[in-house]
Amino acid sequence: MKKHFETEAIRTQMERSQYAEHSAPLYLTSSFVFEDAEELRAAFADELERNIYSRFSNPNTKELVDKICILEGAEDGLAFASGMAAVYSSFVALLNSGDHIVSVRSVFGSTHSLFKKYFTKWNIETTYFNADTPEEIEEVIQPNTKIIYIETPTNPGLDILDMKYLYEVAKKHQVLLVVDNCFATPYLQKPINFGVDLVIHSATKLIDGQGRVLGGLIVGRQDLITEIKYFYRNSGAALSPFNAWVLSKSIETLAVRLDRHCENALELAKHLQNHPKITKVKYPFLSNHPQYEIAIKQMLKGGNIVTLELKGGIKSGQTFLNQIKMCSLSANLGDTRTIVTHPATSTHSKLSPEERARVGITDGLIRLSIGLENIEDIKQDIDQALDKA
Ligand SMILES: *Cc1c(COP(=O)(O)O)cnc(C)c1O
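So, here's what we can say about the structure. These numbers come from a predicted model, not from an experiment.

Re the pairing of strand β4 (residues 145-151)
- In terms of residue burial, β4 counts as a mostly covered element, since six of its seven residues are buried.
- Where strand β2 (residues 100-104) meets β4, four bridges bridge the pair, whose relative direction is parallel. Bridge assignment links V102 to a residue of β4, and that residue is I148.
- Pairing of β4 with strand β5 (residues 176-180) involves five bridges; the strand directions are parallel. The residue of β5 that forms the bridge with E151 is D180.
- You can see the chain leave β4, run along helix α7 (residues 163-173) and come back into β5, and the turn it takes is right-handed.

As structure tokens, this is what we get:
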């Protein structure tokens, strides 16, 4: 019988060594040894599945990848040094000069920079569609489009995209559909169940969940992962064994952490809904979210990110940040600690005000990554800062 999510997250484990350890050990070794010349030859000829060098594979990395593949329902996967290494590698391995990308406009800032500043050097152009009018996608797909790239929910706009619909579009035009599943994790949604070809994670966020290590993951179709694997091996994008060990342990508690993250986030979103200093509270599982119906269909819970729009713009945003006492001012998200960010003056300050407006980042937008502290303490800190904003 197929086991449940929590059980797979805990019980998927590498083979025990001669020491019969209960918890998986850490294999800090850059390379592996061979019995003889024949074994060496066979390993390099890909005739043997064994470790050669930790830039290619390592027992800790493999355990993490096996686990995430089971949880996402994927055929195969790879673990990267960071989320951006995963994002970058997927495009570089799969695209040729002259190919075209279609992406949701409100994509993560660094991904946007890759599209705009670097891929254009290789004659790879990107055209955007808006999350609130997804039908536009049919108009921007070109004969040379190879990849539709989305996030859902988006960072920090919290837009929800209908994966079932996008899969139909991708199939019709015979292009790949790639989803950055960072905000949801496989506990809240499994894009592969909707037909998605590749799923990408910044494991730095909710998968680590404790703000310690960077990591990235790609899982999905075997043939595509094999293609990416050659680039991965040669480019040095590999995750370190130590970080893989940390992340594999983190996944053991992903479900219980997310249950509490989501419970806290929903409660805070409801609590702030009618606050006089706020014009809008956005959370995927609040019924006034523009794509609420899609969110409840494709996600188990609403995630841990809540956004607020302060009436007073930039000044209020900065006053609010300065009044925060307990929560952290930081650019990370998905930590045990509640984090407060002002995207207009931080993560998205490189965008022009017009570009920011087009992706829904107003001057007064605050992104809250709700942590695992007691919800009453989180509410109290946010409330007292709002009073002065
Ligand atoms: C943080 C983030 C990334 C990048 O991940 P890193 O681990 O920081 O490289 C990519 N996509 C989304 C949606 C993110 O939030």
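From this point, things continue past the structure.
Looking at the pattern of salt bridges
- Tallied over the entire structure, the rule returns 17 salt bridges.
- In this structure, E47 and R41 form a salt bridge, with 3.0 Å as the shortest nitrogen-oxygen distance.
- Where D223 meets R221, a salt bridge forms, and the shortest distance between an N and an O atom there is 2.7 Å.
- On the accessibility criterion, D223 (44% relative accessible area) is partly exposed.
- In this structure R221 comes out as partly exposed when scored by relative accessible area, which is 31%.

Here's the deal with the sheet that holds strand β10 (residues 328-329)
- Read from one edge of the open sheet, five strands run β8-β9-β12-β11-β10, paired in mixed fashion. Pairing within the sheet leaves two strands with one partner each, and these edge strands are β8 (278-282) and β10.
- When strand β11 (residues 339-341) meets strand β12 (residues 365-369), the two strands line up antiparallel, connected through three bridges. Considered in β12, the bridge of V340 is made with L368.
- In the packing of helix α13 (residues 313-323) onto the sheet, contacts are made with β9 (305-310), β10, β11 and β12, and the angle to β9 comes to roughly 125 degrees.

Description of the packing of helix α3 (residues 59-72) against helix α10 (residues 241-252)
- Closest axis-to-axis distance for the α3/α10 pair is 8 Å, and the angle between their directions is 35 degrees. By crossing handedness, the relation of α3 to α10 is classed as left-handed. Between α3 and α10, the residues in contact are N60, T61, E63, L64, K67 and L71 and P241, A244, W245, L247, S248, I251 and E252, respectively.
- For the contact of α3 with α10, the residue count by class is seven nonpolar, three polar and three charged.

Focus on the packing of aromatic side chains
- Using the criterion set out here, one finds 13 aromatic pairs in the structure.
- Centre to centre, the rings of F5 and Y187 are 5.1 Å apart; their planes meet at 55 degrees, and the pair counts as tilted. Linking F5 in helix α1 (residues 5-11) with Y187 in helix α8 (residues 185-188), this pair joins segments that are 182 residues apart in sequence.
- Since its relative accessible area comes to 11%, Y187 is described here as buried.
- Chaining the aromatic ring pairs together yields one cluster made of Y88, F91, F115, F119, W122, Y128, Y149 and F231.
- In this arrangement the basic side chain of R233 is found over the ring face of F56, its NZ or CZ atom lying 4.7 Å from the centre.

Description of a nonpolar patch on the surface
- Nonpolar side chains collect at one region of the surface, where L26, L28 and F242 lie side by side and expose about 280 Å² of accessible area between them.
- In this fold, L26 is placed in the loop between α1 and α2 (37-44).
- With a relative accessible area of 30%, L26 lands in the partly exposed category.

Observations regarding the sheet that holds β5
- Taken in spatial order, the seven strands make up an open sheet running β1-β7-β6-β5-β4-β2-β3, and their pairing is mixed. Strand pairing shows two members of the sheet lacking a second neighbour, β1 (76-80) and β3 (125-129), which therefore form its edges. Recorded for the sheet is a direction-independent mean angle of 20 degrees between the axes of neighbouring strands.
- Helix-sheet contacts for helix α4 (residues 83-94) involve β1, β2, β4, β5, β6 (198-202) and β7 (216-220), and the interaxial angle to β6 is about 150 degrees.
- Along the sheet, α7 makes contact with β3, β4 and β5, crossing β5 at roughly 150 degrees.

Topic: the packing of α4 against helix α9 (residues 222-235)
- As a packed pair, α4 and α9 sit with axes 9 Å apart at the nearest point and diverge in direction by 100 degrees. Regarding the angle of α4 to α9, the classification is roughly perpendicular. The segment α4 lies against α9, with Y88, S89, S90, V92, A93 and L94 engaging L224, E227, I228 and F231.
- For the contact of α4 with α9, the class distribution of residues is seven nonpolar, two polar and one charged.

As for the nonpolar core
- In terms of nonpolar packing, the biggest core is built from 103 residues, with I148, Y149, F320 and I382 touching the most fellow members.
- Counting residues per element, this core draws most heavily on helix α11 (residues 254-272), which supplies eight residues.
- In this view, Y149 contacts V87, F91, I101, V102, S103, V104, V107, T111, F115, V178, D180 and I200; residues no more than four positions away in its chain are not counted.

Notes on the site of the ligand
- Surveying the vicinity of the ligand reveals 13 residues, the closest of which are M84, D180, S202, T204 and K205.
- Here a nitrogen atom of the ligand and a side-chain polar atom of D180 are 2.6 Å apart.
- Between the ligand and K205, the relevant distance is 2.8 Å, taken from an oxygen atom to a side-chain nitrogen or oxygen of the residue.
- Expressed as a share of its isolated accessible area of 380 Å², the protein-covered part of the ligand is 91%.
- Considering only residue class, the shell around the ligand consists of four nonpolar, six polar and three charged.

Rules behind the numbers
- Residues numbered from 1 in each chain as written.
- Predicted model: local features only at pLDDT ≥ 70, side-chain atom pairs only at ≥ 80, totals over all residues.
- Heavy atoms only, no water.
- Buried < 20%, exposed > 50% of the residue type's maximum accessible area, 1.4 Å probe, protein only.
- Helix = DSSP H or I, 4+ residues; strand = E, 2+ residues; numbered from the N terminus.
- Pairing = 2+ DSSP bridges.
- Right-handed = clockwise from strand over helix to strand, strands pointing away.
- Salt bridge = Lys/Arg side-chain N within 4 Å of Asp/Glu carboxyl O.
- Contact = heavy atoms within 4.5 Å.
- Axes fitted to C-alpha atoms, helices over the stretch in contact; angles between N-to-C directions.
- Left-handed = near helix turned anticlockwise from the far one by under 90°.
- Nonpolar A, V, L, I, M, F, W, Y, C, P; charged D, E, K, R; others polar.
- Phe/Tyr/Trp six-rings, centres within 6.5 Å; stacked < 30°, edge-to-face > 60°.
- Lys NZ or Arg CZ within 6 Å of the ring centre and 35° of its normal.
- Patch = residues over 30% accessible without salt bridge, like charges linked within 9 Å, V, L, I, M, F, W, Y side chains within 5 Å.
- Areas by Shrake-Rupley, 256 points an atom, 1.4 Å probe, with all protein chains shown as cover.
- Parallel < 35°, antiparallel > 145°, perpendicular 65-115°, else oblique.
- Core = buried A, V, L, I, M, F, W, Y, C linked by side-chain atoms within 4.5 Å.
- Near = heavy atom within 4 Å.
- Polar contact = N/O pair within 3.5 Å; in protein donor to acceptor, adjacent residues only side chain to side chain.

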